[in-house]
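Spelled out from the first residue to the last, the chains are:
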Amino acid sequence: MTATQEHLEYLDELRASGETNMYGAGPYLRREFGVSQSESHAILAEWMRTFTQRRAARQASHVED
C-alpha cells in the first residue's frame, strides 16, 4: 500500500503532538484509517523514508512566502 497525502499529514501531526514514539504509530494508523497491520507498516515505512525530504520541502516553501 502506498501512503496517501492524508496518511503523511496525519503522521506529521502525530509526531508533532508527541503522543507516541513514531515506531509505535502503527496502531494509530490502524485505528484512524482502518488499515491492516501490514498496511500500517508500509505507510509508516514510507513516511519515515520520505520525512527528511518532505520536511525540507515544507521549510523551503515557508521561506519563499
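In case you missed it, the structure is sitting above this.
These numbers come from a predicted model, not from an experiment.

S.K.: Quick rundown of the overall build of the chain? Include the residues and the values.
M.R.: What the chain contains, in helices and strands, is three helices and zero strands. Expressed along its principal axes, the backbone C-alpha trace of the chain runs to roughly 40 × 25 × 15 Å. Residue pairs in contact within the chain that sit at least 24 positions apart in sequence constitute 47% of those at least 6 positions apart. As displayed, the chain has an accessible area near 4500 Å², and 48% of this comes from carbon and sulfur atoms. In the chain, 7 positive and 10 negative side-chain charges are present, and the distance between their average locations comes to 8 Å.

S.K.: So what's going on with the environment of Ala 42? Residues and values would help.
M.R.: Mapped onto the elements, Ala 42 comes out in helix H3 (residues 37–64). Under the relative-accessibility criterion, Ala 42 is labelled partly exposed at 25%. The spacing of Ala 42 and Thr 2 is 40 residues in sequence and 7.2 Å in space, taken between C-alpha atoms.

Cut-offs applied
Residues numbered from 1 in each chain as written. Predicted model: local features only at pLDDT ≥ 70, side-chain atom pairs only at ≥ 80, totals over all residues. Heavy atoms only, no water. Helix = DSSP H or I, 4+ residues; strand = E, 2+ residues; numbered from the N terminus. Contact = heavy atoms within 4.5 Å. Areas by Shrake-Rupley, 256 points an atom, 1.4 Å probe, with all protein chains shown as cover. Lys, Arg positive; Asp, Glu negative; His and termini not counted. Charge placed at Lys NZ, Arg CZ, Asp CG, Glu CD. Buried < 20%, exposed > 50% of the residue type's maximum accessible area, 1.4 Å probe, protein only.

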